[in-house]
Amino acid sequence: MIAYIQGKLAEKTPTEVVIDCNGVGYHINISLHTYSLLPTTDFIKLFTYLQIKEDAHTLFGFVEKSEREIFKMLLSVSGIGASIARTMLSSIEPKQIIQAIATADVVTIQSIKGIGSKTAQRVILDLKEKVLKLYDLDEVSMAQHNTNRDEALSALEVLGFVRKASERVVDKIVKEDPTASVESIIKQALKNL
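What comes next is a walk through the structure. This one's a predicted model, so the numbers in the text were calculated from it and none came from an experiment. (Residues numbered from 1 in each chain as written. Predicted model: local features only at pLDDT ≥ 70, side-chain atom pairs only at ≥ 80, totals over all residues. Heavy atoms only, no water.)

**A closer look at the sheet that holds strand β3 (residues 24-30)**
If you trace the five strands once around the closed barrel, you get β1-β2-β3-β5-β4, paired in mixed fashion. Sheet twist, expressed as the average angle between the axes of neighbouring strands with direction ignored, equals 55°. Each of β4 (43-52) and β5 (57-62) touches helix α2 (residues 65-75); the most contacted strand, β4, lies at about 15° to it. (Pairing = 2+ DSSP bridges. Helix = DSSP H or I, 4+ residues; strand = E, 2+ residues; numbered from the N terminus. Axes fitted to C-alpha atoms, helices over the stretch in contact; angles between N-to-C directions. Contact = heavy atoms within 4.5 Å.)

Quick look at the structure:
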């Protein structure tokens, strides 16, 4: 209904912005990912999604069109509402959500606050085919990469490191060298933790 809003940034917090568009202030809910991408200029453009319920009309805004599409995909899953979808996009990068769905990585999706085992499995079951078709991902190479990442994270947990801190370090290592072996990932992570 409302494809985008562009205007002067009147207010900004990590969860919402107000955009002044010709004297009308639009209150728009955003994810932390979008917040991190907001330009430093006063004039901004956000792609929007308008959710209409009996008791409220709520606008959600995104700097990237692709994030809005992922948000809409997540809303199509039974049990995922707008607030959980926004939490998902705030907790991990949209690309990581796509990868987790494509490789059936329940652990990554379940690590998001408010997502249980059944909901994580439902997200994967409902969206895996759609994600693989839309994003043209190579499932085999991604599964291999994910296996090494998961094994390295498990090993670091056994060694007593906190999972969240370990994930940040391991994801950075894997991003720099997608073909890194489990041993290589662990050794590099131990240097950075």
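**Considerations on the side chain of S31**
Tracing the backbone shows S31 in the loop between β3 and α1 (32-37). Reaching out from S31, the side chain makes a polar contact with the backbone nitrogen of T34 at a distance of 3.2 Å. Looking at S31, its side chain comes within polar contact range of the side chain of E67, at 2.6 Å. If sequence neighbours within four positions are ignored, S31 has contacts with P14, E67, R86, L89 and S90. (Polar contact = N/O pair within 3.5 Å; in protein donor to acceptor, adjacent residues only side chain to side chain.)

**Structural notes on the pattern of salt bridges**
A full pass over the atoms with the stated rule returns eight salt bridges. When the shortest N-O distance is used, the salt bridge between R149 and E167 registers 3.9 Å. Within this pair, whereas R149 is found in helix α7 (residues 139-158), its partner E167 is found in helix α8 (residues 163-176), the two being separated by 18 residues in sequence. For R149, a relative accessible area of 5% puts it in the buried group. (Salt bridge = Lys/Arg side-chain N within 4 Å of Asp/Glu carboxyl O. Buried < 20%, exposed > 50% of the residue type's maximum accessible area, 1.4 Å probe, protein only.)

**Describing the packing of aromatic side chains**
This structure, assessed with the given rule, holds three aromatic pairs. Taking 5.6 Å as the distance between ring centres and 70° as the angle between the ring planes, the aromatic pair formed by Y49 and F71 counts as edge-to-face. Linking Y49 in strand β4 with F71 in helix α2, this pair joins segments that are 22 residues apart in sequence. Their ring planes at 40° and their centres at 5.1 Å tell us that F60 and F71 sit as a pair that is tilted. Taken together, the residues span a long stretch of sequence, with F60 in strand β5 and F71 in helix α2 at a distance of eleven residues. F71 gets classed as buried once you look at its relative accessible area, which sits at 0%. Three or more aromatic residues joined by ring pairs form one cluster here, namely Y49, F60, F62 and F71. Positioned above the aromatic ring of Y4 is the side chain of K45, whose terminal nitrogen or guanidinium carbon lies 4.2 Å from the ring centre. (Phe/Tyr/Trp six-rings, centres within 6.5 Å; stacked < 30°, edge-to-face > 60°. Lys NZ or Arg CZ within 6 Å of the ring centre and 35° of its normal.)

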